[in-house]
Amino acid sequence: FIIEKEKCSSIDMAGEPTANIMKAIAGEISDNPEQKRILERFGYLLGRYIFFCDAIEDLDDDFKDGNYNVLLLQKNIIKLDKEEKDYLKEIATDTINFTLGELANTYLLLDIQKYKPIFDNIIYLGLKNTISLILQGKSEKEKKNERSV
């Protein structure tokens, strides 16, 4: 990606590729022009959410390995201690919370006929729970165990 290669520090620009991929995928779910437009917005926001969750989850590894992570470019970080991580997580959490609010508003515009209670659970509880677990630093194994309880 050009964004990674150029070490883009703009949070919004860094999230664009993932958001646009999800926008394209979601837009193909319906042929109805109105629903297609809403689904594209929904997919875009879901892509942003995914990108920032991944950025938070990968902070330690990306810092250690010298990999691109837009959050690490928000400050000149020499040592990724707890204080620095908390600061970066706060930046990402603000963006994620805004994105989840917009995602929920967009979801309300969709004409969901089938499996609505399941989708409601995912949108209103599951996405928020997932970012909570990531912020707590839960491992994938711990997350799976908590979900199965």
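Residues numbered from 1 in each chain as written. Predicted model: local features only at pLDDT ≥ 70, side-chain atom pairs only at ≥ 80, totals over all residues. Heavy atoms only, no water.

So, on to the packing of helix α3 (residues 33-57) against helix α6 (residues 116-135). Where α3 contacts α6, the axes come no closer than 9 Å and their chain directions differ by 20°. For the element pair α3 / α6, the angle class is roughly parallel. As for the relative orientation of α3 and α6, their crossing is left-handed in sense. In this structure, α3 contributes Phe42, Leu46, Tyr49, Cys53, Ile56 and Glu57 to the contact, and α6 contributes Ile123, Leu127, Thr130, Ile131, Ile134 and Leu135. Taken together, the residues of the contact of α3 with α6 break down into 10 nonpolar, one polar and one charged. (Axes fitted to C-alpha atoms, helices over the stretch in contact; angles between N-to-C directions. Helix = DSSP H or I, 4+ residues; strand = E, 2+ residues; numbered from the N terminus. Parallel < 35°, antiparallel > 145°, perpendicular 65-115°, else oblique. Left-handed = near helix turned anticlockwise from the far one by under 90°. Contact = heavy atoms within 4.5 Å. Nonpolar A, V, L, I, M, F, W, Y, C, P; charged D, E, K, R; others polar.)

Before going further, it helps to spend a moment on a nonpolar patch on the surface. Taken together, the side chains of Tyr115, Ile118, Phe119 and Ile122 define a hydrophobic patch exposed on the protein surface, amounting to about 400 Å² of accessible area. By the secondary structure assignment, phenylalanine 119 is in helix α6. Phenylalanine 119 sits in the partly exposed class, given a relative accessible area of 36%. (Patch = residues over 30% accessible without salt bridge, like charges linked within 9 Å, V, L, I, M, F, W, Y side chains within 5 Å. Areas by Shrake-Rupley, 256 points an atom, 1.4 Å probe, with all protein chains shown as cover. Salt bridge = Lys/Arg side-chain N within 4 Å of Asp/Glu carboxyl O. Buried < 20%, exposed > 50% of the residue type's maximum accessible area, 1.4 Å probe, protein only.)

Taking 1.5 Å of rise per residue, the 25 residues of α3 would be expected to cover 36 Å, and the 36 Å separating its terminal C-alpha atoms lies within 8% of that figure. For α3, the N-terminal cap is asparagine 32; the gap from its side-chain oxygen to the backbone nitrogen of glutamate 34 is 2.8 Å. (Expected span 1.5 Å × (residues − 1). Polar contact = N/O pair within 3.5 Å; in protein donor to acceptor, adjacent residues only side chain to side chain.)

Here the focus is α6. In this model α6 runs 28 Å from its N-terminal to its C-terminal C-alpha over 20 residues, within 8% of the 28 Å that 1.5 Å per residue would give. Glycine 126 marks where α6 bends most, by close to 35°. Phi for glycine 137, located one or two positions after α6, is positive at around 80°. (Bend = angle between axes of the 7 residues up to and from the residue.)

Below, the discussion takes up the side chain of asparagine 69. Take asparagine 69: it is sitting in the loop between α4 (59-65) and α5 (82-109). Judged by its relative accessible area of 4%, asparagine 69 is buried. When residues no more than four places from it in sequence are discounted, the contact partners of asparagine 69 are Ala55, Asp58, Leu59 and Asp62.

Let us look at the nonpolar core. Core analysis: the largest hydrophobic core is formed by 37 residues, its most contacted members being Tyr49, Val70, Leu71, Leu88, Ile96 and Leu103. For this core, the secondary-structure elements that each account for two or more residues are α2 (11-27), α3, α5 and α6. Ranked by residue count, the leading element in this core is α3, at 12 residues. In contact with tyrosine 49, not counting residues within four places along its chain, are Ile96, Thr99, Leu100, Leu127, Thr130 and Ile131. (Core = buried A, V, L, I, M, F, W, Y, C linked by side-chain atoms within 4.5 Å.)

Next up on the list: the layout of surface pockets. Empty space within the largest pocket amounts to approximately 440 Å³. Lining the largest pocket are 19 residues; nearest its centre among them are Ile29, Leu39, Leu110, Ile112 and Phe119. Going through the elements one at a time, α2, α3 and α6 are the ones with two or more residues in the lining of the largest pocket. By residue number, the principal contributor to the lining of the largest pocket is α3, which donates five residues. Of the residues belonging to the lining of the largest pocket, the class tally is 14 nonpolar, four polar and one charged. (1 Å grid on protein atoms, 1.4 Å probe; cavity = no way out; pocket = protein on both sides within 12 Å on 5 of 7 lines; lining within 4 Å. Points joined across faces, edges and corners; volume = space filled by probe spheres on them.)

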